[in-house]
Amino acid sequence: MLTFRGIWIFFLSLSVCTLSVDAQEPKHEVLHVDAQAATTPFPHFWEKTFGSGRAILSLRDSYRTDLRTVKQATGFESIRFHGILMDEVGVYDPDRVTKNPGLAAEAAHDSSAYNFFYVDQIYDGLLENGVKPFVELSFMPRKMAADPNQLHPFWYHPDVSPPKDYKLWDDMIRALAAHLVERYGIGEVSTWKFEVWNEPNLDFWGGRPNKDTYWTLYDHTARALKSVSPRIQVGGPATAQAAWVPDFLSHVKAENVPVDFVSTHVYANDTAKDVFGTSEQIPRDVMVYRAVKKVHDQIVSSAFPRLPLIFSEYNASYSNEPNVTDAPYIGPWLANTIRLCDGLTDSMDYWAFSDVFEEQGVERTPFYGGFGLVGGDHIPKASLNVFRALHQLGGRRIQLDSDSALATALPNGGLAIALWNYAPPTGTGADYTKPTGPAGPARTFELQLEHLGPHAHAKLLRIDDTHGNSVSAFDAMGRPSGSLTPDQVAKLQKAGEMAPAEPIKFQAGHTTITVPAHGLAVLIVQK
């Protein structure tokens, strides 16, 4: 695919004279869209599930407030987080009665090592807001760990050790599954996904050799879940960098271990070496697609060619890059990723929905390159508006010969068309770089729309440097450090709102729309 970056390099090579005259000249693209054209299904796979900070954070009011905001914007179905089995959730403590004699009388009726009180509050809170759990089974309770001190360097230090006794692990998994079925019913629980661990190919799993010991963990977990009900959905290997999938599927086939879906992760700044074992330089705008296609093809070639594929983590960056995840850059990056990944995966779960998030510790500013769509103090980022705008796309896709547009049919015969202008980030890494000028030339789309009737009317949603971009207001404040005043928070929340829709007029079905670099526009046309 010839990306915008490739086009730009080509023009740079023409001549210094051409660059000085034409560098900021708008690029021009002509699109013909027929509202009666053939379509293909276009399920909104990019907004089914979101990731989030660890399980215990979901009990915070700030978390649930942000959850409701994103639910309203996207209608998402489920949420995935780490740590439902960690000690802070209180699931496992074999000594909880005997170590506290004062509890003995009132707890005599319940001498179990398991306590699902917080689990219930966590999952009840999700379900009350119309969101299902995507259950990542992690991390190890320290009293069950082979090494209670095998702690991950995250701020909250999860224990990544294997269990000291797999019977203890199996019993806990069965008890958890049985409790969930009893509380919510198998009809509900059978719609959830249960994923075994998180990124066992990295330092989130302490078993050695990590692949073989993860197979052991997966086998025990899958069989324990299915012993409660064969309707419970379980999958893995939940790896980083799109790794291990062929070996995982070969293993479960050889050992006859249950598997209902494949899950793995990728980020757009992962390296080709880590994801593909090559030394090529893969641009950020196609890395996620390349990884998704790789795993899709691996599944098709396996003994389970119809298994659903879930990328249970993805984003434009795995590191804190303010010019990427806090900025309008996300708009064209995400739209292009959706365009390319359509038909290759059942779900892609953006990491994460909110910056109520503590992997690196307590945040100090709402714009530090956090993963969330909503920053601290409930400040909407440009990325929230990007998801809000792309949610307007229809459920049937009309094919276009363009790398910067998506056309969809609406149920009432109208159209929703996404237009974008991809350019690389203005700066990378954790240090924020305030743009000193346009990230690249504007792109003009000349649209000719057919079969919409004489009374068609349209509106345009924009997200770019000057539309729906709270970080620009933060820049205008001088990027204050430390806690913000209530007045500053209110101004940033206002700046982060979706910009009012622009009315668009047609003449004989024709209109022209210009999109700046790092801009996304969604045109909604009603008959």
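The text that follows walks through the structure, step by step, so that each part is easy to find.

Reading the values: rules and limits
Residues numbered from 1 in each chain as written. Predicted model: local features only at pLDDT ≥ 70, side-chain atom pairs only at ≥ 80, totals over all residues. Heavy atoms only, no water. Pairing = 2+ DSSP bridges. Helix = DSSP H or I, 4+ residues; strand = E, 2+ residues; numbered from the N terminus. Axes fitted to C-alpha atoms, helices over the stretch in contact; angles between N-to-C directions. Salt bridge = Lys/Arg side-chain N within 4 Å of Asp/Glu carboxyl O.

## Some points on the sheet that holds strand β19 (residues 510-515)
Link 1 in the chain: Pairing is mixed across the open sheet formed by three strands, whose spatial order is β1-β16-β19. Two strands close off the open sheet at either side, each with one partner strand: β1 (27-34) and β19. Each adjacent strand pair in this sheet contributes to an overall mean axis angle of 20°, direction not counted.
Link 2 in the chain: Note that β1 and strand β16 (residues 443-450) share eight bridges and pair parallel. Across the sheet, D34 pairs through a bridge with E450, a residue of β16.

## Brief notes about the pattern of salt bridges
Link 1 in the chain: Under the definition given, this model contains 26 salt bridges.
Link 2 in the chain: R183 serves as the salt-bridge partner of D120, at 3.4 Å between the closest nitrogen and oxygen. Placement of D120 in helix α4 (residues 117-128) and of R183 in helix α5 (residues 166-184) is noted, with a sequence separation of 63 residues between them.
Link 3 in the chain: For R290, the salt bridge is made with E280, and the minimal N-O distance between the two is 3.2 Å. Of this pair, R290 sits in helix α10 (residues 284-300) while E280 sits in the loop between α9 (272-276) and α10, and the two are ten residues apart along the sequence.
Link 4 in the chain: When salt bridges with common partners are traced through the structure, they connect R54, R60, E88 and E358 into a single cluster.

## Comments concerning unusual backbone geometry
Link 1 in the chain: Residue S138 is joined to F139 through a cis peptide bond whose omega torsion reads -20°.
Link 2 in the chain: Along the chain, the position of F139 falls in the loop between β5 (132-137) and α5.
Link 3 in the chain: Omega for the peptide link from G236 to P237 comes to 5°, which places this bond in the cis form.
Link 4 in the chain: When you line up the elements, P237 lands in strand β7 (residues 233-239).
Link 5 in the chain: The phi torsion at W197 lies on the positive side, around 75°, for a residue other than glycine.
Link 6 in the chain: Along the chain, the position of W197 falls in the loop between β6 (193-196) and α7 (210-228).

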